[in-house]
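Residue-level structural notes
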Amino acid sequence: VPLYATAPALLFVACLMAASLGALSWDDPTDYIPALIIVLRMPLSYSIATGIGLGFIAYVALKALAGRAGEINAAVGVIALAFLLKLIFA
Amino acid sequence: MGLYANYPIALAPGMGLNAYFAFTMVPELGGNWQLALGCVFVSGVLFFLLSLSPLLPWLIDAIPMSLKLGIAAGIGFFLALIALENAGIVAADPITLVTLGDPSKPQAWLAAAGFLLIAGLAVRKMPGAIIVGVIAVTLTAVALGLEPWHGRAAAPPSLAPTFLQMDIAGVFQLGLVTMVLTLLLVTILDTAGTLIGVARQAGLLDQEGRLPRARQAFLADSGSAAFGAGLSPRPSPPISRARRAWRREAAPALLPSWSRCSFCLHCCSRRWPRPCRSTPRRRRCCSWPV
């Protein structure tokens, strides 16, 4: 089975997964902007991890700038920090 | 993953990390791929140890819903890029970075037609739409003489050149801490992200968006990360139906065939939380339009 024959299947699954966007809370920019950064950065950096890392950093930054730092939980903070350190040092 | 965590999720080599291994780690180590394999192994063992703790499941459950949705959709877009690239519909361009592929190539047209066929059949709720599309494109390609007929199965490439070739002692001598930690972080994010993405798509997340048995899933994955270093160069993030994307990897044949076997095992085991698409008598309960 050649690659261009499995590509349609992959593209179809991709469309189904993209439907997750519909469930985002589109009335809160501090929620949907980081999510969209993840969505855009994953294909554009060709890395799932980079997409997640940049989105988490944006989430922490936006929540903090919006004065809602209390909504940031430890897991998100830890991942954002770890990824920031990786970007700077690795 | 299937036997231990009881999830219909297969493991396969991750492509991004494969690129990191081949184009960043190995050149940085002066071409010493045995040492690079050692780094992969050590980070795999660390990942395994982390999976034994409750830390990673806590991590997955604590990620806010909006970011989980972003991860699931993002993996979708990533898969779309890979698929369009495989189909020759997206091509590299020195000026605009990406551009439309060569429209004179029949492969791109075949892939596009196959996609529309799958989408159309899925809308009509035809069972097996995806498989029908893939087979239709393959048969058309063979009929048009684009593909030679290989027969139905191919032998996996030999593992011997890379089997147990890793240099573990060297990792500690040279103090490759950043490289190991980078691998670890990327592996954790890749794994958590992919698990969230495919679990959401397959409806395995519970009401609050948590993944039950996340610990087992992580253990299965991290175990293969350490074990995989003994076989070949990189950790293996979990994948679901997206597994075909990883086909063009260096050693592709073995893992997809394993995935297929374990998927079959799942279908037989009946413990699976969701009915399998290839079990006809239970197909009507399957919410997935395949």
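Quick summary incoming for the structure in this document. Note that the structure is predicted; figures quoted are calculated from it, not measured. (Residues numbered from 1 in each chain as written. Chains lettered and ligands numbered in written order. Predicted model: local features only at pLDDT ≥ 70, side-chain atom pairs only at ≥ 80, totals over all residues. Heavy atoms only, no water.)

**Some points on the overall build of chain A**
Scanning chain A from N- to C-terminus turns up four helices and zero strands. Starting at the N terminus, the α and β elements of chain A follow one another as α-α-α-α. For 90 residues, the compact-globule formula gives about 12 Å, and the C-alpha radius of gyration of chain A, at 16 Å, lies well above that figure. Considering only C-alpha atoms, chain A reaches an extent of 50 × 35 × 20 Å along its principal axes. Residue pairs in contact within chain A that sit at least 24 positions apart in sequence constitute 39% of those at least 6 positions apart. Total accessible area on chain A stands at roughly 3800 Å², and carbon and sulfur atoms take up 72% of it. (Helix = DSSP H or I, 4+ residues; strand = E, 2+ residues; numbered from the N terminus. Rg over C-alpha atoms; globule rule 2.2 N^0.38 Å. Contact = heavy atoms within 4.5 Å. Areas by Shrake-Rupley, 256 points an atom, 1.4 Å probe, with all protein chains shown as cover.)

**Here we look at the nonpolar core**
Counting 64 residues, the largest nonpolar core has Met42 and Phe56 of chain A together with Ile71 and Leu211 of chain B as its most contacted members. Looking at which element gives the most residues to this core, the answer is helix α1 (residues 3–18) of chain A, with ten residues. Beyond its immediate sequence surroundings of up to four residues, Ile71 of chain B is in contact with Ile38, Met42, Ile52 and Phe56 of chain A together with Gly193 and Ile196 of chain B. (Core = buried A, V, L, I, M, F, W, Y, C linked by side-chain atoms within 4.5 Å. Buried < 20%, exposed > 50% of the residue type's maximum accessible area, 1.4 Å probe, protein only.)

**Thoughts on the packing of aromatic side chains**
Counted according to the given criterion, the structure contains two aromatic pairs over all chains. Ring centres of Tyr46 of chain A and Phe78 of chain B lie 5.1 Å apart, and the angle between their planes is 85°; on these two criteria the pair is classed as edge-to-face. Of this pair, Tyr46 of chain A sits in the loop between α2 (29–45) and α3 (48–65) while Phe78 of chain B sits in helix α5 (residues 65–86), which puts the two residues in different chains. (Phe/Tyr/Trp six-rings, centres within 6.5 Å; stacked < 30°, edge-to-face > 60°.)

**Regarding the environment of Ile60 of chain B**
Residues and elements named next belong to chain B. The residue Ile60 is located in helix α4 (residues 55–62) in this model. For the pair Ile60 and Leu195, spaced 135 residues apart in the sequence, the C-alpha separation amounts to 9.0 Å. Setting aside anything within four residues of it in sequence, one finds Ile60 in contact with Lys68, Ala192, Leu195, Ile196, Leu211 and Phe218.

**Here's the deal with the interface of chain B and chain A**
Contacts between the two partners involve 61 residues from chain B and, on the opposite side, 47 residues from chain A. For the chain B and chain A pair, buried surface summed over both sides reaches about 5000 Å², with 82% attributable to carbon and sulfur atoms. When the buried area of chain B at its contact with chain A is split by residue, Leu67, Phe78 and Leu189 of chain B rank highest and sum to 13% of it. Our count for the contact surface shared by chain B and chain A stands at zero salt bridges. (Buried area = accessible area lost by both parts, 1.4 Å probe. Salt bridge = Lys/Arg side-chain N within 4 Å of Asp/Glu carboxyl O.)

**Here we look at the pairing of strand β2 (residues 90–93) of chain B**
Residues and elements named next belong to chain B. Bridge count between β2 and strand β3 (residues 97–100): four bridges; the pairing is antiparallel. The residue of β3 that forms the bridge with Asp93 is Leu97. Connecting β2 to the antiparallel partner β3 that follows it, the hairpin turn spans three residues. (Pairing = 2+ DSSP bridges.)

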